[in-house]
Amino acid sequence: MNKLLFKKFPFFFLFLLFVSCSNNNKSKNNKIPCGGILKILINNPGTTLDPIKILYDTDLRLASIIYEGLVEFDSAGNVKPLLAESWEKLNDGRKWIFNLRKDVYFQNDPCFKNGKGRKFSARDVYYTFHRMADPSSPMVNPELFKNKIKGFKQFHSGEANNISGIKIIDSTRIEFTLTKPYVTFLKLLATPYSFIVPHEAIEFCGQDFSRHPVGTGPFRLAQWQKWKQILLVKNRNYWGRSATGRQLPFLDQIIFNVAAQSKLIIPEFIKGETNIIAINKLQLNELQKEVEFEKKFNFIKLEKGLGLRFFGFSMNNNSAISRLKRIRKAIVYAFDKEKLFNPSKFSNHIAYTLVPPYLLKNEIKNKYFCNLNKAKQIINNLPNYIKEDTIEIFSSIKTPAVVTLNNILEELGLHSKITVKKLNYYEDIISEKPDISRVSMFPSFPDPEEFYLLFYSKSSKEINLCGYKNNEYDKVFEKSMFEQNPVKRTKLFLKLEKILSEDLPALYLTHEGAKYYVYPKRIRGISMKFNIPSYKTVWIDNPNAK
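Residues numbered from 1 in each chain as written. Predicted model: local features only at pLDDT ≥ 70, side-chain atom pairs only at ≥ 80, totals over all residues. Heavy atoms only, no water.

**Here we look at the overall build of the protein chain**
Right, on to step 1. When helices and strands are tallied, the protein chain shows 20 helices and 23 strands.
Right, on to step 2. Taken along the three principal axes of its C-alpha coordinates, the protein chain extends 80 × 60 × 45 Å.
Right, on to step 3. In the protein chain, buried positions account for 55% of the 546 residues.
Right, on to step 4. If you average the places of the 83 positive and of the 53 negative side-chain charges in the protein chain, the two averages end up 3 Å apart. (Helix = DSSP H or I, 4+ residues; strand = E, 2+ residues; numbered from the N terminus. Buried < 20%, exposed > 50% of the residue type's maximum accessible area, 1.4 Å probe, protein only. Lys, Arg positive; Asp, Glu negative; His and termini not counted. Charge placed at Lys NZ, Arg CZ, Asp CG, Glu CD.)

This is how it looks when you write it as structure tokens:
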């Protein structure tokens, strides 16, 4: 779900000077230059670099450069090997054996003997997952694994001393046993929660590990200046190699500068103060008008966004909205999404389904379109005592959608008020159960399951914020979790969409629109891990040029 005291250690050094890959800064075999600094502008300073605490986009982008998991996503959202070279799927998907790379070392760090990173092994995987399940750990979403890995739930509750479903075969092989053949297990292993961490770093840093990450990734943290800058430097012991056998990464440093205001991102990019920016279609149009775009820049277009915004109706506060579906239907009828989210002025896509259509492989639409007269007719037929109740709209910010909804309720003859909560917003939704809440959601991995968890009655309160419960929905959803046939699984998802369109626990607003990563032509080799940039193969033409 979409939501820096810094203790200085004596071992935090800022390395500014680096040795080039070769004396003339050119590789003899393929002429890709080594070295250079990549500068990236971000909107917020980051919150944590502890994988099991990660909730926000900036933290994920930083952590994915420092850490690695057993597997990762490719540009299309498919799972590919990373720290695991290969795997075996046994017992119809209830058992998995992972064969680990033998050439991986953790980044050099004072937590290790003599400051030298040790070799990665199956014991690190075992430790990482036990840390996830530890009831005293700060993992933000243990529900992802709780009922899936055998023994995870028992260890999490303190009923067992270890996770029975995870066994070390030898130093380079580890076995997972699942409670059932979950379709998305491999995808879960590509999420940031599954990034592998060494026990030495946790024991050495304690609570400060979130500011002192240690992983196996291509870059390591060198400095974190609150609200100003985050500096990552090359991991010179990285195991990765390019297609021609060159050691990765090519860059010496990546500097993430924090933008004082989001409106400064494009001006800073034009001035050359940053090398890569992520912008939407409207911002791209603005940029193309201001510079000789085609001569100076390239971009990567990501069509498949995952973010979702919606108004959730409280289904468990015993209000008229929770009890009477016709009130929810009237609100959905009255809300004119096409007018509010005009494509010429808005970069996101109007949401007619819970899940983005491309994940459903089916362009279906919610049957409720704007019909103000029909909405008024529904409300006019309600008893007066119901219409006299005040409907509370919760939001972390007073957006145009929130104001529009408030105006619509008043136009329908209902009483309403807006409550803006900037701190502990989602915690307050859980405790206060407001009638309507504005929710921003970004799934942990690209799969419809993550969206439908929002309305699964067995999900935690932090996920099922609406408190929705429907036995038929639960049965279909649970079946989808184990259905191995993609076509049959999609049909189950469409059944879930139909149930939601009839019950209306939410008013969908927008799906994330296309995103554009723009960069100067001298920046080369950018690749994507679904919708997150990978910088380990990036190189810069003439990296010493100013």
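**Here we look at the packing of helix α19 (residues 471-480) against helix α20 (residues 486-503)**
Right, on to step 1. Running from N to C, α19 and α20 point in directions that differ by 160°, and their axes come no closer than 9 Å. One way to sum up the angle between α19 and α20 is to call them roughly antiparallel. Seen from above, α19 lies across α20 with left-handed handedness. Residues Glu472, Tyr473, Val476, Phe477, Lys479 and Ser480 of α19 touch α20, and the partners they reach there are Arg489, Leu492, Phe493, Lys495, Leu496, Ile499 and Leu500.
Right, on to step 2. Looking at side-chain class alone, the contact of α19 with α20 contains eight nonpolar, one polar and four charged residues. (Axes fitted to C-alpha atoms, helices over the stretch in contact; angles between N-to-C directions. Parallel < 35°, antiparallel > 145°, perpendicular 65-115°, else oblique. Left-handed = near helix turned anticlockwise from the far one by under 90°. Contact = heavy atoms within 4.5 Å. Nonpolar A, V, L, I, M, F, W, Y, C, P; charged D, E, K, R; others polar.)

**Quick look at the sheet that holds strand β10 (residues 253-258)**
Right, on to step 1. On the basis of which strands lie adjacent, the open sheet formed by four strands has the order β1-β10-β9-β8 and mixed pairing. A strand with exactly one partner marks an edge of an open sheet, and here the two such strands are β1 (37-42) and β8 (219-225). Averaged over all pairs of adjacent strands, the angle between their axes in this sheet comes to 20°, without regard to strand direction.
Right, on to step 2. Both β1 and β10 contribute to a ladder of six bridges, which runs parallel. Residue pairing across strands places Ile42 opposite Val258, the latter belonging to β10.
Right, on to step 3. Contacts from helix α1 (residues 57-66) reach β1, β8, β9 (229-234) and β10, with the element oriented near 20° to β9. (Pairing = 2+ DSSP bridges.)

**Remarks on the sheet that holds strand β11 (residues 277-279)**
Right, on to step 1. With antiparallel pairing, three strands are arranged side by side in an open sheet as β11-β19-β12. Where the open sheet ends on each side, the last strands, each with one partner, are β11 and β12 (297-302). Shown here is a sheet whose adjacent strand axes are inclined to one another by a mean of 25°, direction ignored.
Right, on to step 2. Note: β11 against strand β19 (residues 515-520), three bridges, orientation antiparallel. Bridging across to β19, Ile277 finds its partner in Val518.
Right, on to step 3. Contacts between helix α8 (residues 281-290) and the sheet are confined to β11 and β19, with β11 contributing the most and set at about 115° to the helix.

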